Every structure is written in structure tokens, then in C-alpha cells.
Amino acid sequence: MLLCATCLGASLLLARPISEDEANVPAYALPPVLVASDGSPVRSAEDWVQRRRPEVMELFRSVVYGRTPAPAPILAEVVEQDSQALGGRATRRQVTIYLLGRRDGPFVDLLVYSPNHVQGKAPAFLGLNFDGNQATTADPAVRLARTWHANGKPGFVNNRATEATRGTGLDRWPIDMILARGFAVATAYYGDIEPDHAEGWKTGLRAAMSPQGAQTAWKQDDWGAIGAWSYGLSRCLDYLQTLPDIDGSKVSVIGHSRLGKTSLWAGAQDERFAMVVSNDSGEGGAALTRRCFGESLARITTAFPHWFAPGYARFADREHDLPVDFHELIALCAPRPCYIASATEDKWADPKGEFLSGVGAGPVYSLFGLSGLGTETWPAPATPVGESIGYHLRIGKHDITEYDWDKYLAFAERHLVAGHRAQGPSSIR
Ligand code: GCU
């Protein structure tokens, strides 16, 4: 058995030790995605949309991520705009989005770059970032994040970002490359929506949307932080859809790691997202939890209890009783294109389990006449595969890199950009 250093300590506390050895994957049967709760088969796209999809949504809501409240109208204020940003290549907007329509309520500072060379409306990528918008670019005009951030990373002092954090996440956000390929890019700091710690909800969106505020006693199926962050993404999309230079019907939602779990849940709930990208999302994201490979349900609900509906933890070490598995989360994206990526050294996230989720979602894409991954064989590293479901296994560690973005851009070009779609060998939508 192989154990990563960070999980070793935690695994000792769990009933079943963490394993990163394929030999320890138990025999498992996935919940059949195309069998309705009454036992009847689901045979058509219409039956999926009308009958089965709502059931699967309900399972993820009631058991995994919790129930998202009905959306409130946003109030968006453009605080800065420059049509000649980045040496004239882009139009930059910095926008404060008041999530509940009130200036004294929770807000998100959204950074948007749209490519000036694109005539008309550009397709876009929208994703949350870990360290503030200022970390995603060296652009000195981008404002520092204003909300709580854990201390520990260099440049965060007294739980706030300082100038020293500017551009520290450039490798994860190849903004020039995205713009050059004709896509807009929009990003916001996830901590604006809710600080990422167990008590973070008290000063975040969830308390603000609860009648009991910071006194709320959460029920088993109430929403967790992933739900709140996803809600924030949808409100950013509300705003992007108002822009004259962005095609609001061609916005891909993207996220890495915990924010990859978030992009999947956002894409599942909000079908206005035209494409969904999960980068190294792992347990509670793309990975099949029944494989018990790498991070387990018990470990994630112990280390990060606030991410999920409170009741999710009752399935710790009981994955086989969970009425759903994560291939069904990918299926909720159908028929929209969905890309899942893994990394060879990211065993904690169970790369093979992430791939197999895509395999498991395939039958739902088939109902729409679409090919999903087009293979059931886990591909070699650095060999992207897939039609309506994309997959690659990057060589390297847990991260999102230019290599990953290049593949997501190619996938988006193929599915969302008319000229590319007509030419590509996989033009199936
Ligand atoms: C931890 C956690 C993962 C998560 C990751 C991240 O490793 O166990 O589930 O995806 O953090 O968000 O970076």
C-alpha cells in the first residue's frame, strides 16, 4: 500500500485506511444511471430529461452537496474598466457583484478580460481562483482580494492579500493564451463567497441567505460550501450574460481541485453553462467514491466537513450504501461537453476513478446520440481522448497548467466555436 505523507496521519484515524494501491480497490457496482427509482429503464433522451435527471439531481442535492436556495437578483457595479488592457489586447472589467442585490451583503469581485481581436461576442471561461484575482495575473491594475484568506502562503498577512501575492498564480491562469485563442476569461476569489474553513459560513453567503444567519443549525440536506461557491459562479454567469462582448450562451465553467468539484456541481445545477471542466477534482468531484482509492469519503468529510451537506458524512466507510456515485454527476452535464482531467502524480484524486466516471456517464450521452469518451480503456499519460466527454492524464503533480488549458481550449473550440466545429473530426454537437 502506498500512502502520501499528508494523508498518512489522517488515515490512521479512519476505520478503513487510505489506500493508493489498485490491488485494494474493492469489488463495487455503480448505481445504474439509466434505471429510474421505480426500477424502470430510461431509454430516451426525453425520458432522461423529464424523469431520470431530476431524480439524480435530487440525490446529489439531498445527500451530497445539499440544497441550493432559489437565486436572488444580483446588483453588479463596474468599478474599473479599460478597453486597452494588457497592451491593447483585451478589455478588462473589474466588477463587484453583490450576490443578494444589497451593498451591505456578500459580494464577489469579478475580473473579466475579453479579447479585443474577436469581432462580436467571444466565448468565455469562468472559474473561481484560490488566492485572489491579483494572483492570476501580473497586471498591476487588478485589485487585491479584500476578503479573508488563510495565512500560511507567502504574501498573506493578517488574513489578507498583499502586493506580494500579485501574479503568484500565473502558471494556473495563462490569460494571454486564452485571449489569443479568442476566449474571454473571468475569475473571482472563492473566499469572497465563503471563507474556506469550518466556521467560514458564518461570515459568508450561507449565513447571509439563512433567516437564522450565523445562528443557523444546519439540517442533513442543507447546502455546504461547494454549494455556496457554485451559487457564486452562477451569479457571475448572470453578469457575464449581460455583456456585449461575451457570448453568454458559450460560457465554460472551470475549476481545479476543490474548485473542480465546485465547477461540476455548478455545471450540473446551472444548465446555462455550455461546457464543464473538472481539473483534478478527485473525491467529491469526478472520482468514483466506491473505488476507495486515494482520498475517501470518510477522510474528506472529516477534513472538510463544511464542503458538503451535513448528512453526507453518514456514508463514511459506507460508500456502497450511497444512493448515487460520481459518474452520475458527469451525466448531469449531458448533453453538454464535459472535460475531466487527471495528473499522474495525483493519486490522492484517483486519476483512474476520474476517468471511470466519464465511462459511467457515457450511456447518458448515448441517449442524445453522442459519443462520450469513445473508449473504456484508461489512456496513457499525455494522450487526450474523448468526444463529448474529454479526458487526459497529464504527466505531473496535482495542479492546473498550460498543458491542461491547451486541451480545454481545443475542446471548447471543437464544441463551441462554429468554424472549428465544422472542421473538427469530432464535430458531434
Ligand atoms: C485536499 C483535499 C482534496 C481537494 C484538494 C484541493 O487535498 O483532500 O479533496 O481537492 O485539497 O482542493 O486542493
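Anything mentioned here points back to the structure above.
The rules behind these values
- Residues numbered from 1 in each chain as written.
- Predicted model: local features only at pLDDT ≥ 70, side-chain atom pairs only at ≥ 80, totals over all residues.
- Heavy atoms only, no water.
- Phe/Tyr/Trp six-rings, centres within 6.5 Å; stacked < 30°, edge-to-face > 60°.
- Buried < 20%, exposed > 50% of the residue type's maximum accessible area, 1.4 Å probe, protein only.
- Core = buried A, V, L, I, M, F, W, Y, C linked by side-chain atoms within 4.5 Å.
- Helix = DSSP H or I, 4+ residues; strand = E, 2+ residues; numbered from the N terminus.
- Contact = heavy atoms within 4.5 Å.
- Pairing = 2+ DSSP bridges.
- Right-handed = clockwise from strand over helix to strand, strands pointing away.
- Near = heavy atom within 4 Å.
- Polar contact = N/O pair within 3.5 Å; in protein donor to acceptor, adjacent residues only side chain to side chain.
- Areas by Shrake-Rupley, 256 points an atom, 1.4 Å probe, with all protein chains shown as cover.
- Nonpolar A, V, L, I, M, F, W, Y, C, P; charged D, E, K, R; others polar.
- Lys, Arg positive; Asp, Glu negative; His and termini not counted.
- Salt bridge = Lys/Arg side-chain N within 4 Å of Asp/Glu carboxyl O.
- Axes fitted to C-alpha atoms, helices over the stretch in contact; angles between N-to-C directions.
- Parallel < 35°, antiparallel > 145°, perpendicular 65-115°, else oblique.
- Left-handed = near helix turned anticlockwise from the far one by under 90°.

(A) Just the packing of aromatic side chains, in detail. Per the counting criterion, the structure on display carries 21 aromatic pairs. An angle of 55° between the planes, with centres 6.4 Å apart, marks the rings of W307 and F308 as tilted. Taking 4.9 Å as the distance between ring centres and 40° as the angle between the ring planes, the aromatic pair formed by F308 and Y312 counts as tilted. You'll find F308 and Y312 in the same group, each marked buried.

(B) Region of interest: the nonpolar core. Formed by 86 residues in total, the largest nonpolar core has its most connected members in F60, L110, L126 and L240. Broken down by element, the residue count for this core peaks at 10 residues, all from helix α7 (residues 225–240). Setting aside chain neighbours within four positions, we find L110 in contact with R93, Q94, V95, I97, L126, N133, A186, T187, A188, C236, Y239 and L240. Membership of the second largest hydrophobic core comes to 27 residues, among which are W173, I175, M275 and A412.

(C) Focus on the pairing of strand β9 (residues 275–279). Counted residue by residue, β9 has five buried out of five residues, so it is predominantly covered. Covered by surrounding structure in β9 are M275, V277 and N279 together with V276 and S278, the residues of both alternating faces. Sheet topology places strand β8 (residues 246–256) next to β9; five bridges connect them, and they run parallel. When the bridges of β9 are listed, V253 appears paired with V276. For the crossover from β8 across helix α8 (residues 258–269) to β9, the handedness is right-handed. Sheet topology note: the β9/strand β10 (residues 338–343) ladder contains four bridges and is parallel.

(D) Spotlight on the site of the ligand. Around the ligand, the neighbouring residues are S257, R258, K261, E295, I300, F304, W307, W348 and H398. Note that an oxygen atom of the ligand is positioned 2.6 Å from one of the side-chain N or O atoms of E295. In isolation the ligand offers 320 Å² of accessible surface; the protein chains occlude 82% of this area. Taken together, the residues of the shell around the ligand break down into four nonpolar, two polar and three charged.

(E) Spatial organisation of the pairing of strand β12 (residues 389–394). The buried count for β12 comes to six of six residues, which makes it a mostly enclosed element. Sheet topology note: the β10/β12 ladder contains six bridges and is parallel. By the bridge assignment for β12, A343 is matched with R394. Of the pairings in the sheet, the one linking strand β11 (residues 385–386) to β12 comprises two bridges and is antiparallel in character. Pairing of V385 across the sheet is with Y391, part of β12.

(F) Just the side chain of D247, in detail. Locating D247 in the fold gives a position in strand β8. One buried charged side chain, D247, makes no salt bridge at all; its nearest oppositely charged neighbour is K250, positioned 4.1 Å away. In this structure the side chain of D247 is engaged in a polar contact, spanning 2.6 Å, whose partner is the side chain of S249. If sequence neighbours within four positions are ignored, D247 has contacts with K121, A122 and P123.

(G) How the structure looks around the packing of α7 against α8. In contact at an axis separation of 8 Å, α7 and α8 are set at 60° when each is read in the N-to-C sense. In terms of axis orientation, α7 runs oblique to α8. Of the two elements, α7 crosses α8, and the hand of that crossing is right-handed. Contacts from I226, G227, W229, S230 and L233 of α7 reach α8 at L259, K261, T262, S263, W265, A266 and Q269. Classifying every residue of the contact of α7 with α8 by side-chain character gives six nonpolar, five polar and one charged.

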